[in-house]
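# Residue-level structure breakdown
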Amino acid sequence: MVSSLLPRRPNSRMMELHLTGFESCPLFPGGVVADHGENPLAAASFQLPACSDFDGFQKDAIQMMKPAKGTTTLAFVFKEGVIVASDSRATMGGYISSQSVKKIVEINPHMLGTIAGGAADCQFWHRNLGIKCRLHELANKRRISVTGASKLLANILYSYKGMGLSVGTMIAGWDEKGPGLYYVDNEGGRLKGTRFSVGSGSPYAYGVLDSGYQFDMSVEEAAELARRAIYHATFHDGASGGVASVYHVGPQGWKKLSGDDVGELHYKYYPVIPTPTEQEMADTSAA
Amino acid sequence: MARYDRAITVFSPDGHLFQVEYALEAVRKGNAAVGVRGTDVIVLGVEKKSTPKLQDSRSVRKIVSLDTHIALACAGLKADARVLINRARIECQSHRLTVEDPVTVEYITRYIAGLQQKYTQSGGVRPFGLSALIIGFDPYSGAPALYQTDPSGTFSAWKANATGRNSNSMREFLEKNYKETSGQETVKLAIRALLEVVESGGKNIEIAVMTKEQGLRQLEESEIDAIVAEIEAEKAAAEAAKKAPSKDS
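Scope of this entry: the structure provided in the associated data block. (Residues numbered from 1 in each chain as written. Chains lettered and ligands numbered in written order. Predicted model: local features only at pLDDT ≥ 70, side-chain atom pairs only at ≥ 80, totals over all residues. Heavy atoms only, no water.)

## Structural notes on helix α5 (residues 184–195) of chain B
Each full turn of the α-helix corresponds to 3.6 residues, which orients residues three or four apart in the same direction. Residue and element names in this part refer to chain B. Here α5 contains 12 residues, and its C-alpha end-to-end distance of 16 Å stays within 8% of the 16 Å for a straight helix at 1.5 Å per residue. With nine of 12 residues buried, α5 lies mostly within the body of the structure. Where α5 is concerned, the buried positions are Thr186, Val187, Lys188, Leu189, Ala190, Ile191, Ala193, Leu194 and Leu195. (Helix = DSSP H or I, 4+ residues; strand = E, 2+ residues; numbered from the N terminus. Expected span 1.5 Å × (residues − 1). Buried < 20%, exposed > 50% of the residue type's maximum accessible area, 1.4 Å probe, protein only.)

Rendered as structure tokens:
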């Protein structure tokens, strides 16, 4: 505002009134006031923090901000379509912030996406993908393929590469070519596959999933395999837990099959067997 | 009236876009082109004006492919056609890149028509002076398709259509004689329609046939001559048959 016009008094012991932060200069881009003496029409800039390795500092800052993909999600293709399953726990460091997060998003009645990484990023971009899929349907009078949808998302994420998005998602659906499953992440990577698991609990889930997988399974068998894989991942991984949801994508679209609390699943798989007592304390009759 | 045809962004008082209508005139002066859709083939035919002796006729291809499964023929300004064809070819590949799927005939027609429309609503440009006939097979359903676009940017699907010089007579002929055909019969129908307005002979007609398995195939002059001869023979036989009963009575 006005302070920049006051004459400078280099040897003055008076306290300067700092009005930084209160100024707003619509003439300068970015709202930063140019120093007097400089060309007022020069592009606005700010000083970098004084440190020896600014790139490293930036990377650390991003790593601090980027939520680790604390979750377990999995999906696999089999004879009857695609099974998609996930847990429902959200963590902020060691704090469990929610046990009921919906990690499987419904992009359209024939396509599902999973969330791993930043919940906000995944939710927003899946919704955006849903919009694009619908526009494609309206323009082309046919549903978009899983290939096309995953490619649209991957191209968007690639254009934001390096800007700190955290998205590790799987796109599962049934289109004219049959069941389709793609893994798409914030690096812009996109992989077609038959079995994927994403998140901190994925190694545990892969163990159960890979050893029990068969292409010729019924829907119930496949759902049970997915449920067990999620349960075992939640058992070992602290960042996964809550409810194990299982969805199935068939030729008519997706259908939610089950949502079981993993605590209850534990006792279902490993019921407590009452140990037979060898000796019982009995009342002694008065001798 | 003359005052309303300078900048094409201006409507005339009675709702005309004169530049677009003048572009249609340019189309009407262009060489005849016909397209016929069969059950398993689609045929495009264009009139070939007599080539100057020193010209290499192979460099003047009038029926071009936009992708392995899409082809185009047009009537009107050939230079404008070249620009439009190049843009359409790029769009075909761009579509393959972004959705990993080949374009449908309807999609690329919509793109070309959209381009033509854009040039009727921009400042300082004139519309493309051509009508295009676009043929192809749908990459999924395998159904054959024939579409036509015009300088105003409208498009629609057709069983058979003609554009360019004397297109009205060709269209009338097609309306009278069209029926579901396949293979060679479709080719014959296209040539018969062209022969209504073009001097007969293989060197005045260019024909290309699109099949699902083999894509676009340009017919050799000798092949066309053979089919033309067949058609003439059939016509002569029909004439004779017509005259014979009346002689008896």
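## Points about unusual backbone geometry
Phi at A:Lys141 takes a positive value of approximately 55°, unusual for a residue other than glycine. Along the chain, A:Lys141 falls in the loop between α2 (119–140) and α3 (146–159). Under the relative-accessibility criterion, A:Lys141 is labelled exposed at 69%. Although it is not a glycine, B:Glu100 adopts a positive phi angle of roughly 55°. Tracing the backbone shows B:Glu100 in the loop between α2 (78–99) and α3 (105–118).

## Comments concerning a nonpolar patch on the surface
Together, A:Ile131, A:Leu135 and A:Leu138 line one region of the surface with nonpolar side chains, adding up to about 310 Å² of accessible area. Note on A:Leu135: relative accessible area 52%, which makes it exposed. (Patch = residues over 30% accessible without salt bridge, like charges linked within 9 Å, V, L, I, M, F, W, Y side chains within 5 Å. Areas by Shrake-Rupley, 256 points an atom, 1.4 Å probe, with all protein chains shown as cover. Salt bridge = Lys/Arg side-chain N within 4 Å of Asp/Glu carboxyl O.)

## Examining the sheet that holds strand β4 (residues 70–76) of chain B
Residues and elements named next belong to chain B. Spatially, β3-β4-β5-β6-β7 is the arrangement adopted by the five strands of the open sheet, whose pairing is antiparallel. Each of the sheet's edge strands pairs with one partner strand only, and the pair in question is β3 (63–67) and β7 (155–157). Within this sheet the neighbouring strands show an average axis-to-axis angle of 25°, counted without direction. Here six bridges tie strand β5 (residues 130–137) to strand β6 (residues 144–149), and the two strands are oriented antiparallel to one another. From the neighbouring strand, alanine 132 faces β6, where its bridge partner is threonine 149. (Pairing = 2+ DSSP bridges. Axes fitted to C-alpha atoms, helices over the stretch in contact; angles between N-to-C directions.)

## Some words on the pattern of salt bridges
Residues and elements named next belong to chain B. The final tally for this structure, using the stated rule, is 25 salt bridges over all chains. Across the salt bridge formed by glutamate 25 and lysine 29, the nearest N and O atoms sit 3.3 Å from each other. Here lysine 29 and glutamate 25 lie together in helix α1 (residues 18–29), a separation of four residues that amounts to about one turn. Accessibility expressed as a relative area gives 33% for glutamate 25, which makes it partly exposed. One network of salt bridges, with partners in common, ties together Glu185, Lys188, Glu230 and Glu234.

Purely geometric stuff here, so don't read any function into it on its own.
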